[in-house]
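Report on the structure
Chain by chain, the residues run as shown.
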Amino acid sequence: MTRPQKTAAELFAVQALASQAKKELTENILPYWTSKMCNPAGGFYGRISGNEETDLSAPVGNIMTARLLWTFSSAYRLFKDSAEAEGYLAMATRAKDLIISRFYDPEYGGTYWSLNPDGTPLDTKKQIYAIAFTIYGLAELNRATGDGKALEYAIKLFNSIEDHSFDAVRGGYFEAFTREWEDIEDMRLSDKDANESKTMNTHLHVPRNHRAYIPIYLMKLVMTGFSRMGFSPSALL
């Protein structure tokens, strides 16, 4: 079955929407983060109010930092020829450095849930949802630049998920653990979430570590993860 051809008006509307989205991204959203959220001491501020008041005491979250890494890595890859490209790369590198030097747990593996504003660990639990996002960011930076350190830590985190979170009896992945990968009482992402050992939200994100996010030479590892969850690896191809 062939898809119907778009009319000239439909193509114009799509192109106009794409142009507007790019303008909003490059002239508003990305510059906001670059100008407002960088901590001169390194890393990022954890919170800013609707009145543009920076909360210097706010924790710095793993998910926020991982999403910044992915966003600015992707921006650099897509707009590499723009005047702003080096700024995007600088933001991605800042996020990568914070993840590797502060969020990554050198003793037990995985990443901490949050840091104090000075970069010391605050909440040291291992939340699989956050670790998956961190893999996305590191893999996207490697995709954009060939950064070997980013790839190295993406693989380390992938292995941490497989080694500690996979349920060998019933399949799937457990939500959260203590720093030492022991069982933890509160597995929630937030106060709004159900305190369950496995959730759809986490399982939507863990298997997304496939070739859209990780270079082709990680596909063997990714196929293993999908097979363990009961997905057919052919679904990725």
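Residues numbered from 1 in each chain as written. Predicted model: local features only at pLDDT ≥ 70, side-chain atom pairs only at ≥ 80, totals over all residues. Heavy atoms only, no water.

Attention now goes to the overall build of the chain. Counting secondary structure elements, the chain contains seven helices and five strands. Mapped in sequence order, the helices and strands of the chain form the string α-β-α-α-β-β-β-α-α-β-α-α. Looking at the 237 residues of the chain, the share that counts as buried comes to 43%. Taking the contacts inside the chain whose residues are at least 6 apart along the sequence as the reference set, 58% of them involve residues at least 24 apart. (Helix = DSSP H or I, 4+ residues; strand = E, 2+ residues; numbered from the N terminus. Buried < 20%, exposed > 50% of the residue type's maximum accessible area, 1.4 Å probe, protein only. Contact = heavy atoms within 4.5 Å.)

This part takes up the sheet that holds strand β3 (residues 121-123). With antiparallel pairing, the three strands of this open sheet are ordered in space as β1-β2-β3. Edge positions in the open sheet fall to β1 (60-61) and β3, since each of these has one partner strand only. Bridging between strand β2 (residues 114-115) and β3 involves two bridges; their strand directions are antiparallel. Paired with Ser114 across the strands is Asp123, a residue of β3. (Pairing = 2+ DSSP bridges.)

Side chains that are nonpolar tend, in soluble globular proteins, to be buried together. Ranked by internal contacts, the top residues of the largest apolar core, which has 41 residues, are Phe44, Leu69, Phe72, Tyr88, Ile128, Leu138 and Ile161. Elements represented by at least two residues in this core include exactly α2 (62-78), α3 (85-103), α4 (128-145) and α5 (148-164). Per-element tally for this core: the top contributor is α3, with 10 residues. Sequence-distant contacts of Leu69, that is, excluding residues within four places in its chain, are made with Ala92, Ala95, Lys96, Ile99, Gly137, Leu138 and Leu141. One finds Ile63, Ala130, Tyr136 and Leu189 within the second-largest nonpolar core, a separate group that totals eight residues. (Core = buried A, V, L, I, M, F, W, Y, C linked by side-chain atoms within 4.5 Å.)

Take Leu69: it is sitting in helix α2. For Leu69, a relative accessible area of 0% puts it in the buried group. In this structure the C-alpha to C-alpha distance between Leu69 and Ile135, which are 66 residues apart in sequence, comes to 9.9 Å.

Right, let's get into the packing of α4 against α5. Running from amino to carboxyl end, α4 crosses α5 at an angle of 155 degrees, the nearest separation of the two axes being 8 Å. One way to sum up the angle between α4 and α5 is to call them roughly antiparallel. In this structure, the crossing between α4 and α5 has a hand that is left-handed. Along the contact surface, α4 presents Ile128, Ile131, Ala132, Thr134, Ile135, Leu138, Ala139, Leu141 and Asn142, while α5 presents Gly148, Ala150, Leu151, Tyr153, Ala154, Leu157, Phe158 and Ile161. Here the residues of the contact of α4 with α5 are counted per class, giving 14 nonpolar, three polar and no charged. (Axes fitted to C-alpha atoms, helices over the stretch in contact; angles between N-to-C directions. Parallel < 35°, antiparallel > 145°, perpendicular 65-115°, else oblique. Left-handed = near helix turned anticlockwise from the far one by under 90°. Nonpolar A, V, L, I, M, F, W, Y, C, P; charged D, E, K, R; others polar.)

Purely geometric numbers; function is a separate question.
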